[in-house]
Amino acid sequence: MNASPSVEVLQRDPAWLIEEIRRLKAERGAILLAHYYQDGDIQDLADFVGDSLELARAAQRANSKVIVFCGVRFMAEVASILNPEAEVLIPSLEAGCSLEDSCQPEDFRRWREEHPGAVSVTYINCSAAVKALSDVIVTSSSAEKILRQLPEDRPILFAPDRHLGAYLQRKTGRDLILWPGTCVVHEQFSLEALAGLRLEHPRALVVAHPECPEGLLAQADFVGSTSAILGFVVASPDDEFLIATEPGIIHQMEKKASGKRFIPIPGGSGECACNVCPFMKKNTLTNLWECLRDGRPTLRLPEELRLAALKPLERMLEMASR
Ligand code: 13P
Ligand code: SF4
């Protein structure tokens with residue numbers, strides 16, 4: 001006689017977890033927001049998938065009691081800053097970011113003090129405490145537009161991603177004082193592996209995120225935020241692409257442009273999985289289910305910090321939509 005599967009066995013079954021997540025999401029009246037770097041299963045469960053700017057806007061306009069944020073912690077923090085009415089849940093509080101880690105608030109405060117009179121433009125990949133010390137926040141999709149609106153006669157501090165900062169210097173001609181942070185994923189795409197892939201796929205276009213170093217960006221046919229890269233490959237008449245960003249985005253590429261071929265560029269020596277963001281992948285179907293079941297971990301900031309971080313974020317949203 002066949003015994004029915006135990007609860008422990010069911011909890012390891014993706015189909016069971018997906019069903020339960022759907023049920024609990026409805027029961028809690030929750031909206032699920034996901035970044036493109038999440039696993040495909042999580043993206044498919046989401047009510048909205050987007051880049052960091054689109055996710056911030058989606059969180060701000062959400063009118064549900066609960067937002068479950070499948071991305072990294074700073075993104076969930078932004079959701080709770082912009083929508084204090086909602087309870088914000090994140091499956092794993094360990095979902096950090098190397099850029100956030102590189103820029104501690106006390107060091108950042110000292111850096112600002114060393115440059116009195118400078119405008120501080122800070123990439124959204126940082127803590128709420130660093131946001132609170134900044135004049136305006138930017139994302140990869142809004143940075144160029146926002147920089148072009150700043151007065152010509154003021155020096156600009158740009159933190160924490162030095163590759164994105166250097167890319168923006170080249171694009172806008174503005175001289176930026178750069179914080180030395182990098183993204184552990186985009187820093188590592190292998191130029192050697194790219195050269196090999198180009199030989200195998202001579203017609204393929206290279207698409208890259210601006211967090212990549214200059215050497216890689218110099219080889220790209222298109223540079224943009226995750227959403228911009230997705231839009232480019234979907235609209236392009238070409239049908240083969242080498243991808244220099246986290247491979248989670250290939251899930252949406254294959255859904256939106258199913259006849260085309262998307263080849264991830266490896267990181268490091270080409271033999272590791274270091275083009276995969278270890279922080280984004282802290283969220284899994286299992287901890288997403290547990291998070292909806294238990295209503296935690298939640299993300300809530302002290303009100304004083306929230307209000308201080310809100311100002312430069314609102315400035316970003318306003319300048320990005322001019
Ligand atoms: P996007 O704004 O392009 O989504 O970038 C977020 C990110 O963390 C890239 O590494
Ligand atoms: Fe941070 Fe890089 Fe991961 Fe994006 S891909 S969340 S910048 S570590």
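Within every chain, residues take consecutive numbers counted from 1 along the sequence as written. As a convention, the first chain written is A and the first ligand written is 1, with the rest following in written order. Reporting of local features is limited, given that this is a predicted model, to residues whose pLDDT is at least 70; pairs of side-chain atoms are given and counted only at 80 or more, and all residues count toward the totals for whole chains, interfaces and linings. Water and hydrogen atoms play no part in the side-chain values, which are based on all heavy atoms of the structure.

### Description of the site of ligand 2
Taken together, Tyr37, Val72, Cys97, Ser98, Leu99, Asn125, Cys183, Val185, Glu211, Cys277 and Phe279 make up the full set of residues adjacent to ligand 2. Note on definitions: the grid is 1 Å and covers protein atoms alone; a cavity is a set of points where a 1.4 Å probe fits but cannot get out; a pocket is an open set with protein on both sides within 12 Å along at least five of seven lines; lining residues have an atom within 4 Å of a point. A pocket or cavity is taken to hold a molecule when more than half of that molecule's atoms are within 2 Å of the pocket's grid points. Counting atoms within 2 Å of the grid points, the majority share of ligand 2 lands in the largest cavity. Looking at the shell around ligand 2, its residues break down into eight nonpolar, two polar and one charged. Only heavy atoms are used to decide nearness, and a residue is near a molecule or strand if one of them lies within 4 Å of it. Residue polarity follows a fixed list, in which Ala, Val, Leu, Ile, Met, Phe, Trp, Tyr, Cys and Pro are nonpolar, Asp, Glu, Lys and Arg are charged, and the others, Gly among them, are polar.

### Things to note about empty space enclosed by the protein
Grid points are joined across faces, edges and corners, and a volume is the space filled by probe spheres set on the points. The final tally for this structure, using the stated rule, is two cavities of 30 Å³ or more. In this structure, the largest cavity encloses a volume near 250 Å³. Under the DSSP-based scheme used, a helix requires at least four consecutive residues in state H or I and a strand at least two consecutive residues in state E, with every element numbered from the N terminus. At the level of secondary structure, the elements contributing two or more residues to the lining of the largest cavity comprise α5 (73-82) and α6 (98-101). The class makeup of the residues in the lining of the largest cavity is 13 nonpolar, nine polar and three charged. By volume, the second largest cavity is sized at about 40 Å³. In this structure, the second largest cavity is lined by Ser52, Leu55, Ala56, Ala59, Phe69, Met75, Val78, Ala79 and Ile124. For the lining of the second largest cavity, the secondary structure elements donating two or more residues are α4 (52-61) and α5. Element by element, the count of residues in the lining of the second largest cavity is highest for α4, at four residues. Its residues assigned to classes, the lining of the second largest cavity shows eight nonpolar, one polar and no charged.

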